[in-house]
Structures are given as C-alpha cells and as structure tokens.
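# Observations on chain architecture
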Amino acid sequence: MAYTIPNTCVQCGDCIPECPTGAIQMDENNEYWVEPGLCNSCEDIESGPQCVSSCSDSLPVPLPVKKGRYKAQPRVLNIHNLFADGHNNPIASSMVIWEACNLLAKGSVVPWQTNSNSQLYFEREVKQGKGKIEFRLTDNVRSDTPGIFSFSDAASTIESMDIRAACMHLIFAALVTNLERPWEQEFAIDNKQLEAYLGLNKRKDLSKATKLTLIKSLVQQPCKLLATIDWPRQGKIQSFSISEDRIWHLVAIENHFQEDSQGYKHLVGMTFRIKAGIWSKYFLNKQGYKKYVAYYQYGTLPKFLLTTVMTIWHQHEGAVRMMLWLLFKTKMGKQQRITIPKLMYVAYGEEKVRQDSLNRDRRKRLLRKFESDLEVLNHYQIKPVFDPVTYPTKIQPLWARLANIPDDAEEAMEFWIKDGCNETSITDAAPPGKWNLLMKARILHFELPSEWDKQISHWENKKQRKTRRQTRTQTTSSLSAEQISTARKRLGMSQRQLAQQLGKSQSWIRDIENSRFSVKPGDLTKLRKILELEE
C-alpha cells in the first residue's frame, strides 16, 4: 500500500532524505506529496516506512484505495495531435535525432568511451571525420545548467535505460515538427495522449499510478541526453558548432490531483512541457533552410511502430533496435543494401557479435536469435528481401524457406513431392560454415507496410523530380570548354588574366578549357559577365 501526506503536515521536509525510492516530492505549490507509483511502503526494510519513523507526527499515512472512477478534467494544451490521417506523422530526422534514438534503444550495448575527466561519452563522426557529435548524460533533467554524470552514475543510468524511452524520443521528434521556431517554442503533452500513442490505454493489468510513473520515467530519459555538435560546411550552409546542450528540455511537470471525500489527494494525471534543444535551430529551421543557413530535415513516423515496439520490446530487443534503425535508414531511400554484420551490430552491438563469433555455441545462439528477430520484423510487414547471390536459399532462415510453400492444398502436395525428389530438401539443416557465409551476405532492401512505404515513395519521387530540374537547369545554362576558350581569345585575354578577374588559379582555367571538369553554378554567372556572354 502506498502512503500519502495529509493536509495536517507542517511541511518540514524531514521525510524527503529518508525515502529510499524518491517517492516524496514537492509540487508547484511547494507542498510535499508522495508519488504512489514509486512508494513501496519500504517493503524491504524491517522497521517499516522510513518516512513515518522519521516524522514526529507519524506522517505520512497509508493512502486508502480510491473509490469510483477517475473523473476526466478538461485541460487546454498548446499541442497538435499526432497521426491526423490515422497512419503517419512527420518527424525530425537529423543525425542528432537518429543517434539519440540509437543510444536510448541500445543503452550499454553502445561503445561508450571515457574522457580525461572520467566521464562517459559517445562520439559519432560526421562526413568522414570532418565533424562530430558527442553525447553525454546529465545528472539533472530540470536544471538550466546541467551537470555531467560521474562515471559510476553514468554507467548505472546507461545500464538501466529503458528501450521504450526511444518511443518517447520519437514522439517528441514528431511533435516538434509542428512548431515554427522549435528552439524557442515549447509544446505540452499529457499522460492521456501518451497512453494513446504508446498503447498503454489498453493495458488493463497496469494501475493508474503504475502507468503515470512509467510515463514519467520514459519522458525523463531522453531529457538526460546532452549533445555537443561540430558540423562541417555542406554546400552553401556554413559550418557551425553547438556547445553542450540538451536534446530535449523538460521545462515543467504539472501534476493533477483529485481529492476524495476523506480529504486525501489522488494523482490522476500529468502534463509535460518540453522544448527542443539548439540543434533544432540548425536542423529543423524552415526559414533558415530557404535562406541556405540551416537544414530542414524530416522523415515519417508510422503510428503502428510505437505500439509494436511497446508490445515486443521485452522479448525481442534486437528486432526493436533494427526497426528503429530502419525508421531513419529508409529515409535515405528504400533500395538500401544492408550487410548482415551491420544488422547484427545494430541489433546486439559490435562487441557482442565479435565475442560470440569466437565461440561455437554462443555463435549458434546468436544466429538463432537473429533469425527469430528477422521473423518478428517479417510478421509486422517489414519483410527482408534476401540477395540471391550472397544470401541464397540454403542459408536463409527456415521460416523464409517455408514461406514459399503454396497455400492451395494440391499445389502444396506437388511442392513437397518435388522437394522430396531433390538432392537437397527445404528443411535440410544449414550447410557447414553458415556463419562465415552470413558474414558476407546482405539484404537488398526491406519491403515496408503500405502506409510507411507510400510516404517514402512520395519523397523519392519528389527528390528525383528536383534532381531532374537541377540537371536540366545546369545543362541549359552551362558553358562548354570551347565556348569559354573562344570567348577569352576573342577578348584578347590570357588564361592568367581571366583567372585573376575570376579569383581563380590559372590551372583552374586551364582545366576548364581542357574539359577536365565543368564550371559550378556559383562561378558561372561571374564568368559569363567577364567574357561578355549572354544567359
């Protein structure tokens, strides 16, 4: 039974340091209360609740069971509901968001490193080492000046990371796409919306207090991630750096209570106010994108993915990690050839795959686990398409081979007769050296559910149309090497003189006139003006 602090409490605060679970907290009115989902009545301590024994008034007191249903109270939120079409919603998809999702999903599986201050961090290189993103963990989710976890505290936090927190991170990344200036604006979301998005509203086995505590924990975990970004120049967008800043700022948690006839307050809801970090000014900036000073990178979040992760996370963590990774990977295009070692690294971590590969029994267990996780993905309509050259039928999972059996009874009979007449059968054991063959195998791509695939196809078509327009523009407006050479000679200008006026080297002019490369659009206008050539 959980405990509660009645109105007779003098608010001295002596009980707070005595609570081993951190259940006693202070609300927005500076009054103490007990979060029922965290209070376990000190069941592991013989002397009973420590908060009661430390209080001269023998408070807190046992919280009686609430009678009747929880009454819904209207709450005004400045939030846009997700999945208006019932299927998808835009989502911020920059590398910062992708890597943060991977960290939350993998936890200790990620190869964290230790710096000179004995702090754990994870580094992701950008553009072949020209830039980087570093992630650390903060010890306070609410402070404006977050401190960095010590090694032991960071290691403990990483070990206890909940893979479901990656879903909360994705919800934040979807909600923030509805803001014009997300680095300045905040959004609010309450427990009811989160329960609906995560499918927790259907969990009748969980009490209200348990759901609220779980949601609060999942909300706080993404807010513990700090990012330091050194981004190189790309095209017209200049390089930039962001010093250590939160991915998500937890601005406030508003607790909602209902008081029963006996005067006891029951926690019935929570509202979370969140603001995106400075990363959004550079990677989710519509106006900046139009002015070539920032990016606006977004993808799509299928609704089914959240509920699927919440359903299978405990039994199939590897499948969940691959699913979350593919959410961002497919943004780069559906036809992505993925090697089997890469998929295994995503699902189980590079170090585990390498260690298990050295032991025959562990290697077999890992292989069975991998094929089982692929089957789970296939069950949820994320179907792997095996490369027939590097991933032939003989080393494919049994479930994939059995998928070729016809549904019709007569056709199935004929199939099995033919299979029995062959030298090898579809149910034969894997050939010797299957592991080594798999390390060279790859998957051509994944067939995706229709609502997910439709959106990606739309983006690919849009990208192709843009590329064709740019190609036509460059073709019609470019100058040939002969045109440049003829115009220069007509004006009696040497290569050196032309190079000086253009701000280039003489060898650059020589290479252009020898057709070694073409003039970029940025130099083309200036070159036309100097050579007195019309558009």
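Please read all numbers here as calculations on a predicted model, not as lab measurements.

## A few points about the packing of aromatic side chains
The full count for this structure, using the stated rule, is 18 aromatic pairs. Aromatic pair Trp231 and Phe283: ring centres 4.9 Å apart, planes at 80 degrees, arrangement edge-to-face. Taken together, the positions of Trp231 in strand β10 (residues 225-231) and Phe283 in helix α7 (residues 279-283) put the pair 52 residues apart, joining distant regions of the chain. The exposure classification of Trp231 matches that of Phe283, with both residues buried. Consider the rings of Phe240 and Tyr282, whose centres lie 4.2 Å apart with planes at 15 degrees: the pair is stacked. In this pair, Phe240 sits in strand β11 (residues 240-246) while Tyr282 sits in helix α7, placing the two residues 42 residues apart along the sequence. Following the ring pairs from residue to residue traces out a cluster consisting of Trp231, Phe240, Tyr282, Phe283 and Tyr295. Across the ring face of Phe257, the terminal group of Lys265 is positioned such that the distance to the ring centre comes to 5.0 Å.

## Some details on the pattern of salt bridges
Side chains bearing opposite charge may pair, as long as their charged atoms lie close to each other. Within this structure, the stated rule accounts for 19 salt bridges. Here Glu31 and Lys265 are joined by a salt bridge, their closest N and O atoms 3.9 Å apart. Residue Glu31 is found in the loop between β2 (24-26) and β3 (32-34), and its partner Lys265 is found in strand β13 (residues 265-276); the two are separated by 234 residues along the sequence. By relative accessible area, Lys265 is classed as partly exposed at 28%.

## Side note on the side chain of Asn89
On the secondary structure map, Asn89 appears in strand β5 (residues 88-92). Within the local environment of Asn89, its side chain forms a polar contact with the backbone nitrogen of Phe83, the two atoms lying 3.3 Å apart. Setting aside chain neighbours within four positions, we find Asn89 in contact with Leu82, Phe83, Ala174, Thr177, Gly299, Thr300 and Leu301.

## A few points about the sheet that holds strand β16 (residues 383-386)
The strand order β15-β17-β16 describes an open sheet built from three strands, whose pairing is antiparallel. Among the strands making up the open sheet, the edge pair consists of β15 (338-339) and β16. Sheet topology note: the β15/strand β17 (residues 442-447) ladder contains two bridges and is antiparallel. Following the sheet pairing, Ile338 is matched in β17 by Ile443.

## Looking at a positive patch on the surface
On the surface, Arg360, Lys364, Arg365 and Arg368 cluster together into a positively charged patch. Relative to the helices and strands, Lys364 resides in helix α13 (residues 360-379). Looking at Lys364, the relative accessible area reads 40%, which means it is partly exposed.

Rules and cut-offs
- Residues numbered from 1 in each chain as written.
- Predicted model: local features only at pLDDT ≥ 70, side-chain atom pairs only at ≥ 80, totals over all residues.
- Heavy atoms only, no water.
- Phe/Tyr/Trp six-rings, centres within 6.5 Å; stacked < 30°, edge-to-face > 60°.
- Helix = DSSP H or I, 4+ residues; strand = E, 2+ residues; numbered from the N terminus.
- Buried < 20%, exposed > 50% of the residue type's maximum accessible area, 1.4 Å probe, protein only.
- Lys NZ or Arg CZ within 6 Å of the ring centre and 35° of its normal.
- Salt bridge = Lys/Arg side-chain N within 4 Å of Asp/Glu carboxyl O.
- Polar contact = N/O pair within 3.5 Å; in protein donor to acceptor, adjacent residues only side chain to side chain.
- Contact = heavy atoms within 4.5 Å.
- Pairing = 2+ DSSP bridges.
- Patch = residues over 30% accessible without salt bridge, like charges linked within 9 Å, V, L, I, M, F, W, Y side chains within 5 Å.
- Areas by Shrake-Rupley, 256 points an atom, 1.4 Å probe, with all protein chains shown as cover.
- Lys, Arg positive; Asp, Glu negative; His and termini not counted.
- Charge placed at Lys NZ, Arg CZ, Asp CG, Glu CD.

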